[in-house]
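Descriptive analysis of the structure
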Amino acid sequence: LPTRVIEVTTLRRDVQTDGRHAVVAFTDRFEEDAARRDFTINALYMDAQGALSDYYNGVADIHAGRVRFIGDAVARIREDGLRILRYFRFFARFGAEADAAALAACTAERALLSGLSGERIATEMTKLLAAPSPLAALEAMEAAGLAPLLTAVPWECKRLRYLMAYERDYQIPTSPWLRLLSLIPPAQRAEMAVWVGERWKLSRADRQQLSVLALKVDQLDAAQVKAWLCEQPRGLVIARIALVALDNDDEVGIAQLLQLAQEWAIPEFPITAADLLSRGFTEGKALGDQLRLLEQAWAKSDYQLSKEALLATVTAR
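Below is a short write-up of the structure.

Here we look at the nonpolar core
Counting 89 residues, the largest nonpolar core has M141, W155 and I241 as the members making the most contacts within it. The greatest single-element share of this core, amounting to ten residues, is contributed by helix 14 (residues 234-247). Sequence-distant contacts of M141, that is, excluding residues within four places in its chain, are made with L85, F88, M125, L128, L146, A147, L150 and W155.

A short note on the state of the cysteines
For the structure on display, the rule yields zero disulfides. As a non-bridged cysteine, C106 has C157 as the owner of its nearest cysteine sulfur, 15 Å distant. What makes C157 buried here is its relative accessible area of 3%.

Quick word on the packing of aromatic side chains
Applying the stated criterion across every chain, the model contains 14 aromatic pairs. When the ring of F30 is compared with that of Y45, the centres are 5.2 Å apart and the planes differ by 70°; the resulting orientation is edge-to-face. You can see F30 sitting in helix 1 (residues 30-35) and its partner Y45 sitting in strand 3 (residues 44-46), a full 15 residues away along the chain. For F30, a relative accessible area of 39% gives the class partly exposed. Of the residues examined, Y45 reaches a relative accessible area of 12% and is grouped as buried. Ring centres of Y87 and F88 lie 5.1 Å apart, and the angle between their planes is 75°; on these two criteria the pair is classed as edge-to-face.

Concerning the pattern of salt bridges
Evaluated as defined, the whole model comprises 21 salt bridges. With a closest N to O distance of 2.8 Å, E198 and R207 form a salt bridge. What makes R207 partly exposed here is its relative accessible area of 28%. For D218, the salt bridge is made with K216, and the minimal N-O distance between the two is 2.5 Å. Of the two residues, D218 and K216, both sit in the exposed class. Each of the salt bridges in this network shares a partner with another, and the network as a whole consists of E156, R159, R189 and D247.

Overview of the side chain of T40
Within the element layout of this structure, T40 appears in the loop between helix 1 and strand 3. A polar contact is formed between the side chain of T40 and the side chain of D61, at a distance of 2.6 Å. Setting aside residues up to four positions removed in sequence, T40 forms contacts with Y56, G58, D61, R68, F69 and I70.

Points about the side chain of R159
Mapped onto the elements, R159 comes out in helix 9 (residues 158-170). Residue classification places R159 among the buried residues on the basis of a relative accessible area of 13%. Contact partners of R159, with chain neighbours within four places excluded, come to S182, L183, I184, P185, P186, R189, L246 and D247.

Topic: helix 9
Counted at 1.5 Å a residue, the expected span for helix 9 with its 13 residues is 18 Å, and the 19 Å between its end C-alpha atoms agrees. Turning to helix 9, its buried residues are R159, L160, L163, M164, A165, Y166 and E167. Contact partners of the buried residues in helix 9: helix 7 (135-143), helix 10 (176-183), helix 11 (189-199), helix 14 and helix 15 (254-263). Just downstream of helix 9 lies Q171, where phi reads positive at about 50°.

Quick notes on the rules
Residues numbered from 1 in each chain as written. Predicted model: local features only at pLDDT ≥ 70, side-chain atom pairs only at ≥ 80, totals over all residues. Heavy atoms only, no water. Core = buried A, V, L, I, M, F, W, Y, C linked by side-chain atoms within 4.5 Å. Buried < 20%, exposed > 50% of the residue type's maximum accessible area, 1.4 Å probe, protein only. Helix = DSSP H or I, 4+ residues; strand = E, 2+ residues; numbered from the N terminus. Contact = heavy atoms within 4.5 Å. Disulfide = S-S within 2.5 Å. Phe/Tyr/Trp six-rings, centres within 6.5 Å; stacked < 30°, edge-to-face > 60°. Salt bridge = Lys/Arg side-chain N within 4 Å of Asp/Glu carboxyl O. Polar contact = N/O pair within 3.5 Å; in protein donor to acceptor, adjacent residues only side chain to side chain. Expected span 1.5 Å × (residues − 1).

In structure tokens, the structure reads:
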């Protein structure tokens, strides 16, 4: 049987809120718990017998593709500024059309995003970016003026539309970081990667991936793809190819390069430090420099030179 995740919580009611934290009290009334929820579709309850309690017409909103705040949207957001990002995440997942009252409230209260922790922003944004169809939500966020507060630079959502076509046509795995970078003008990606890494409190691994993807690539061909594959995870290389193709209107030939990245069997460099030590080298800079020269010659031969051919170029010490 497939694994199912069930989260258990208590019924609560808000006593006090300040835009980031809430003081709550426990209750045994579903109506009170529903009243403190953010969206109508998040205020649905079912008992052990399967009877559904729907206090705010959440079921109808699900069927209509509406994501609506419960009660006054501004009041809900002022209780917790994270609800701005939650609105757009749920809109990306379930919404057919943006709710006018929600959009107006998110726009008016966008300054609350500055008070949110980086970890909470990262959680919501990566979920939003990974949604099957986040374009409409991100366009609405751009129009609402949220981009400078989240990435410090403006967005160009039209590029994401083309990236999603690549994802569909070439079976490119969804990557929140690739999608995020597709929003950013190429000249500002490196700046954005550093800023987001700090502001969102990203892990070292996520910062590294974002920084590598943000690197400017002057020329992309099969040799470059193979060099990347020898140094970086295959998924990261595929993402880099997609981004370069996106920036160059696919002049690089994305289909061929993606096939190479997906299928090329990555060879193992045949020379080790022990091979050079046995030829008179000692530990140190000279040994490291010689290994690098041999690896460059191996790559230049399209990874064809054998161990014997490579060692034949080395003068014994």
